[in-house]
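What follows is the residue order along each chain.
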Amino acid sequence: MAMNWTEAQIEEVVASVLKNLQKETPAMQAAYDGSQYNGKKYIGVFADMNDAIDAATAGYKAVRAMRLEEREKIIDAIRKLTRAEASVMARLGVAETKMGRVEHKTAKHILVADKTPGTADIVASVKTGDYGLTLTEMAPFGVVGSITPSTNPSETVICNSIGMIAAGNGVVFNPHPNAIATSNYAVDLVNRASAMAGGPKVLVASVVKPTLDTAQIMYKHANIRLLVCTGGPGVVRSVLSSGKKAIGAGAGNPPVIVDDTADVVKAGKDIIDGCSFDNNLPCIAEKEVFVFRNVADQLISSMLANGAYKINAEQAAKLANIVLVDVKNPKTGIVKKTVSRDCVGRDAAVLLEKIGIKVGSDIRCIICETDFDHPFVQHELMMPILPIVRVDNIDQAIDLAVKAEHGNRHTAHMHSKNIDHLTRFARAVETTIFVKNAPSYAGIGFGGEGHTTFTIAGPTGEGLTSARSFTRYRRCVMSDNFRII
Ligand code: NAD
């Protein structure tokens, strides 16, 4: 396969993938099995997880032998290819997973290319004193096993690759089974970038058909020194009980509070912008609103002026029965309401059509007034449906918002100019990300300061992961010397 794909070749690959995806017969599904398209075989994607781990181990040895500037050259090439192929991966992601929006996925890839830290994130620290000098360096773990989600598939593969390579690690991926083609496109992109920049042909690896079994091989393999998991509660629990060092980036259910000191008109627009971004797939996106009663009508008017469509209680009940389905746990027999995979990440217009309402493409979010116990408030829907609960005061707002966040300590938002209210909510909710007076995506560096990541590790405490999160600290002590004062 050509190392530098031309735009025409990329278009040809995408056209072929999309054609196959549209047909959706089992034979065609097999034709885009995650290993190759149109005669162009993905680099670094193996049939067997053990072979993928061997390749990632060789990649790790190559990275270890490189100078930092060589690593940075590869990372630069990853950034360039990611920018160039952002819309390709966006279209592929939407076509394969049927979730999200092409323009927003394109923006997410550009964000990853621009704002994922590279080797500059790795810094040494020194302590000097009467007894000499002690140096602490951030060293690689070795080969990292990374489990990636369907919601930001190629974004997570590229973001993880940049950080993990910058830290000197190798990486093997076990991507989400519903997003293999897109995730493995990103694996191939990283390897093409490596070859372009003089690195190894296979720097990062993945498997053609990732399953729970291939994840288990990864968990148990002696070469895997760190597991990084981005996904829902089930998979985070499973890596945390693997017996290996693990970083877990799990589910959220971000609440938003709007009080009566806020710029309410702006808050309405910001909330709809954030909630509808990539059809609410980002784990940080606004999922439920608690608004002071005296500004609720004004907030709703602003939302309606910014692409929201309001449904009534009866319509909301009808929609809830479609987007949440009963799923029986095969082990316990317990039946639980679960989000329907057919509805996650779908356009607002598609969801409305399910209850017989036709709207134009200008509608990007469905809003409805509910009480606190409504399933739209309690479940992490990951679709552009936003419940709004009226509250009497800040005590009630904080109490309900903290309960709705369910102790995930992931993300929360607030629109207010009252610093006491802002501080009280931030302290009470204890989330990894807290965004004030902006759309949710400001929290990952999109229109906000700071680096980006698509692996936000709340449960294990690394926060917004970057290269340094994938390192182990090592100390070197020089006794009595090297202090120059
Ligand atoms: P998911 O939980 O369905 O899948 C995540 C990955 O785990 C997939 O690769 C899946 O195949 C695998 N998996 C699932 N159960 C497993 C098990 N028992 N053992 C091994 N592998 C297993 O996630 P999804 O639907 O793609 O993503 C949505 C969820 O992920 C949401 O809850 C969202 O909040 C969360 N998420 C969190 C972050 C974050 O940074 N904290 C980022 C993206 C998504």
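Residues numbered from 1 in each chain as written. Predicted model: local features only at pLDDT ≥ 70, side-chain atom pairs only at ≥ 80, totals over all residues. Heavy atoms only, no water.

Turning next to the sheet that holds strand E4 (residues 125–129). Strand order in the open sheet formed by three strands is E4-E5-E22, with antiparallel pairing between adjacent strands. The open sheet has two edge strands with one neighbour each: E4 and strand E22 (471–479). The mean angle between the axes of side-by-side strands here comes to 20 degrees, regardless of whether they run parallel or antiparallel. By the bridge criterion, nine bridges tie strand E5 (residues 132–140) to E22 in an arrangement that is antiparallel. Residue threonine 136 lies in a different strand from E22, and its bridge partner there is arginine 475. (Pairing = 2+ DSSP bridges. Helix = DSSP H or I, 4+ residues; strand = E, 2+ residues; numbered from the N terminus. Axes fitted to C-alpha atoms, helices over the stretch in contact; angles between N-to-C directions.)

Below, the discussion takes up the site of the ligand. By nearness alone, 30 residues border the ligand, and Ser150, Gly232, Arg341, Glu380 and Ile456 come closest of all. One nitrogen or oxygen atom from the main chain of serine 150 is found 2.6 Å from an oxygen atom belonging to the ligand. In the model, an oxygen atom of the ligand is placed 2.6 Å from a nitrogen or oxygen of the isoleucine 456 main chain. Contributions of two or more residues to the shell around the ligand are made by helix H8 (212–220) and helix H9 (233–240). Its residues placed into classes, the shell around the ligand shows 14 nonpolar, 14 polar and two charged. (Near = heavy atom within 4 Å. Polar contact = N/O pair within 3.5 Å; in protein donor to acceptor, adjacent residues only side chain to side chain. Nonpolar A, V, L, I, M, F, W, Y, C, P; charged D, E, K, R; others polar.)

To continue, consider the packing of aromatic side chains. Aromatic ring pairs: the centre-centre distance and the angle between the two ring planes describe each pair. All chains considered together, the criterion is met by six aromatic pairs. With 5.4 Å between their ring centres and 70 degrees between their planes, phenylalanine 425 and phenylalanine 434 make a pair best called edge-to-face. Exposure remark for phenylalanine 425: the relative accessible area of 0% places this residue in the buried category. For phenylalanine 434, a relative accessible area of 21% corresponds to the partly exposed category. Taken together, the aromatic side chains of Phe277, Tyr441 and Phe446 make up a single cluster linked through ring pairs. Positioned above the aromatic ring of tyrosine 185 is the side chain of arginine 192, whose terminal nitrogen or guanidinium carbon lies 5.7 Å from the ring centre. (Phe/Tyr/Trp six-rings, centres within 6.5 Å; stacked < 30°, edge-to-face > 60°. Buried < 20%, exposed > 50% of the residue type's maximum accessible area, 1.4 Å probe, protein only. Lys NZ or Arg CZ within 6 Å of the ring centre and 35° of its normal.)

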